[in-house]
Each structure stands twice: as C-alpha cells, then as structure tokens.
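Descriptive structure summary
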Amino acid sequence: MMRTYTFLSRVPVLQNRFTLKILAVAFVGIHIPLFAIIGYLLITHLPPETATPIAILTLLFTLIATGITLLILTKLLKPVMLAKRALNDYIEYNKEPKLPIHFKDEAGVLMADVQKSIEELRRSEEERTNILQILSHDLQSPVRTALGVTGLMKEGKSQIDDHELVSMLEESLKNQLNQLRYYLNLIKEQKLELDRDIKKSTIGIPELIKETTDELKGAFREKNIKLKVSGYQQCANIPKHSLQRVLHNVLDNAIKFSHNGDTIEIKIEKRDRLLDIIVEDSGKGFPPDEASQIFKYNSPLQRNGTANEASSGVGMFLCQNLMKRIGGEIKAESEGIDKGSKFTISYLIED
C-alpha cells in the first residue's frame, strides 16, 4: 500500500522530511525531458552550432521550470506542514490551533479534521474536568452528613433509647450513603465507557429492553411503578452495551421523577434504518423551552426525585456524550411541570 513512500523513506537524505520526498520526485520528473533531449542530440550527431543552442535553451528552461515547480510545491505542502505543527503544538504545549477550515480539497479537509479533532479533545478534556469538579464537590455533602450523623449518635448516647431519633438518624445516614454510592457508580460507569471500544452485536431489541429493565427491578418495585413495552420486536446490529447504559440512565431518571403507582412506557420504533427507543413517564416533567438544559453538565434543572432521590445534574449530560460517541442522539420533550417527560434515544443502524 505504501511501497513508494517506504522506498523513499529508506533514502538517508529523504527519510525524515516528507517535503523533500515530494520535491525529489518532482525534480526527477522535471529533468526527464532534459535527459531525453540530450540523448537525442547525441544520437543524431547534429552539428555543434545547432545542438549547442538547443541544449542551452533546454537546460535553461528546465532549470527555470524546476525552480518555479519546487517553489509552488513547497507552498502547496504548507497545509500538511500546518496540520503537523498544530498537532505537535497541542501535544507538546497544549496550544489550540486556528487552522483554516473552509477549503474543500484533501489538504483543506485534513486541516479541518485536525482542527475539529483538537477542538473535540479540548472540549472533552474541559467537560471531564468540570464533571470531576462537580462530583468531587457533591461527594463532600454525603460524607460530611454521614460523619455528622455518626458523631451525633456517638455524642447523644443518653438519647439513644429514643427510637424516633435513632430511626431518623439511620434514615438520614442511609440516604447519604445511597447518594455516595450513586456518585461513585456514575464515575465508574463514565470511566468504563471512555475506556471501552465501541462494539456492535446483533441482538433482539426486546432482549435489550429486558436486560436493562431487569437491572432496575428493585427501583420499579420500590415505587410500585408499572412498565409497558411496545413496538419493534426484531433484531438489529447495534452497540448493545452503550445503548443499554443510556437506556438505564433514562429509565432511572424516569423512575426517579415518577410518582408512586405511575406507569412508564417504552416504545420502540424503526423507520428505514433509524431506531428510536422512546421512554415516556407521567412524572414531574419540565418547562418545554428548557429541554436543552437537561443535557448540560451541572444542569440548572437538577432536582431531587419525587421520593427525594438524589440527582447529580450530570447523568443526562453523560448520556448525550455517549450517544454522540456512538453516532446517535438523545432528545427530551415535556409539555410542562407535572405533565411528564419523553426521552427519545435514536441510533442509525448501518447496513
């Protein structure tokens, strides 16, 4: 596949400079006509007064053409050199470049792709830093409360027979520890998803839904929430684990903001190659014009569930990032406060 490039890379003078490889090939190519004319003059034995002017003119114009060609090629290779320098500056000095992105040929697309990739890396880095800051800040609250509760129980030995006080302290400690566990699981899941390769497998959609809902049986049972599943029942080639993680978080969210005895409905729709997994609940809902706020890290719509379940404010943000990573998307809709919500997980199935 790269025999010519490999061959030229073995030439000591050329091995470390891509531009020199291009210029060397151009130089040889330009001088082939000169060699051909000289050979012709030698073979035909033209008189010196005829052959000499031809040879001089050919040499002169070849040198002029060589200089112009090498100069223009050097300029044309500038996008490749800019892309290389941009990557090097980002890796070595964490400096974000400003490459032009409006050119449409291969070199222009290369610069645009390098610029976009570096911007995505920088954005991901900033988002990861923000998430860790948010989680580290929020983790302090349950730890402080748990320590406070245990301290209060230790100091209030004379009141320890007060069953109401003991129950209250135990419940508070339980809630804080559950919140701590929630945050730790969130961090663990995020790290696993970032480290995991995106692998696709052919799986029945009902199986995908069942495996995910089985993980949340306890949560459904605790709030006496019913589940209704309908729609597409066939198999599809999808990134199973990634979609399961997103669906798990969306369902967990739906349970959290649903009232005791509510029903959550999952609809599976397939239009051509587009697979939609729709999760609808009749819980708290949100203002219709604030749907995009749900997917921001440290979402301003962050709030506790109907049974005071903890919310990190980053769960949906992580879901959106994961869907982008696998080439899908997730959307949220609601008709308003206390009118429920609808989340649509969309994935384009490849042939």
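Before reading on, note that the structure itself is shown above.
The rules behind each value
Residues numbered from 1 in each chain as written. Predicted model: local features only at pLDDT ≥ 70, side-chain atom pairs only at ≥ 80, totals over all residues. Heavy atoms only, no water. Patch = residues over 30% accessible without salt bridge, like charges linked within 9 Å, V, L, I, M, F, W, Y side chains within 5 Å. Areas by Shrake-Rupley, 256 points an atom, 1.4 Å probe, with all protein chains shown as cover. Salt bridge = Lys/Arg side-chain N within 4 Å of Asp/Glu carboxyl O. Lys, Arg positive; Asp, Glu negative; His and termini not counted. Charge placed at Lys NZ, Arg CZ, Asp CG, Glu CD. Helix = DSSP H or I, 4+ residues; strand = E, 2+ residues; numbered from the N terminus. Buried < 20%, exposed > 50% of the residue type's maximum accessible area, 1.4 Å probe, protein only. Core = buried A, V, L, I, M, F, W, Y, C linked by side-chain atoms within 4.5 Å. Contact = heavy atoms within 4.5 Å. Expected span 1.5 Å × (residues − 1). Pairing = 2+ DSSP bridges. Axes fitted to C-alpha atoms, helices over the stretch in contact; angles between N-to-C directions. Phe/Tyr/Trp six-rings, centres within 6.5 Å; stacked < 30°, edge-to-face > 60°.

In this section: a positive patch on the surface. Where like charges cluster on the molecular surface, the positive patch consists of Arg-17, Lys-75, Lys-78, Lys-84 and Arg-85. It is helix H4 (residues 78-93) that contributes the most residues to the positive patch, 3 residues altogether. Position of Arg-85 among the secondary structure elements: in helix H4.

What follows deals with unusual backbone geometry. One non-glycine residue, Asn-94, lies in positive phi territory at about 55°. Along the chain, Asn-94 falls in the loop between H4 and helix H5 (106-155). One non-glycine residue, Asp-272, lies in the positive phi region at around 55°. Relative to the assigned elements, Asp-272 resides in the loop between strand S4 (263-271) and strand S5 (274-281). Exposure remark for Asp-272: the relative accessible area of 70% places this residue in the exposed category.

One finds Ile-238, Ile-330 and Ile-345 to be the most contacted residues of the largest nonpolar core, which totals 38 residues. If you list the elements that add at least two residues to this core, you get helix H7 (205-214), strand S3 (235-238), helix H9 (240-256), S4, S5, helix H10 (315-325), strand S6 (329-333) and strand S7 (341-348). Per element, the largest residue contribution to this core is 7 residues, and it comes from H9. Beyond its immediate sequence surroundings of up to four residues, Ile-238 is in contact with Lys-199, Lys-200, Ser-201, Ile-203, Ile-205, Leu-208, Leu-243, Leu-275, Tyr-347 and Ile-349.

The next subject is helix H3 (residues 48-76). Between its first and last C-alpha atoms H3 spans 41 Å; for 29 residues at 1.5 Å apiece the expected length is 42 Å, and the two agree. Listing the buried residues of H3 in full gives Ala-51, Thr-58, Thr-62 and Thr-66.

Further remarks concern the pairing of S6. Alternating positions in S6 separate cleanly, Ile-330 and Ala-332 being buried on one face and Glu-329, Lys-331 and Glu-333 remaining unburied on the opposite face. Bridge count for S6 against S7 is 5 bridges, and the pairing is antiparallel. Across the sheet, residue Glu-333 finds its bridge partner in S7, namely Lys-342.

Pairing in this open sheet of 5 strands is mixed, and the strands run S2-S4-S5-S7-S6 from one edge to the other. Of all the strands in the sheet, the pair left with one neighbour each is strand S2 (226-231) and S6. Between one strand axis and the next, the sheet turns by 15° as a mean value, whatever way the strands run. Alignment of S2 against S4, held across 6 bridges, turns out to be parallel. Counted as the bridge partner of Gly-231 is Ile-268 from S4. Those strands touched by H7 are S2, S4 and S5, and its axis lies near 155° from that of S4. Where H10 meets the sheet, its contacts fall on S6 and S7, and the angle it forms with S6 comes to roughly 140°.

To continue, consider the packing of aromatic side chains. Scanning all chains against the criterion turns up 1 aromatic pair. With 6.4 Å between their ring centres and 80° between their planes, Phe-295 and Phe-343 make a pair best called edge-to-face. Here Phe-295, found in the loop between S5 and H10, pairs with Phe-343, found in strand S7; they are 48 residues apart in sequence, far enough to count as distant. Neither Phe-295 nor Phe-343 differs from the other in exposure class; each is buried.

A word on the side chain of Asp-276. If you trace the backbone, Asp-276 turns up in strand S5. Residue contacts for Asp-276: discarding those within four places in its chain leaves Lys-267, Ile-268, Glu-269, Arg-271, Thr-344, Ile-345 and Ser-346.

Of the strand pairs in this sheet, S4 and S5 are connected by 7 bridges, and their pairing is antiparallel. Bridge pairing links Lys-267 to Ile-278 in S5. With antiparallel pairing between neighbouring strands as the criterion, S4 and S5 make up a hairpin whose turn holds 2 residues, including Asp-272 at a positive phi of roughly 55°.

You can see Val-314 is positioned in the loop between S5 and H10. Take Val-314: its relative accessible area is 0%, and that puts it in the buried class. Sequence separation between Val-314 and Tyr-297 is 17 residues; the distance between their C-alpha atoms is 4.8 Å.

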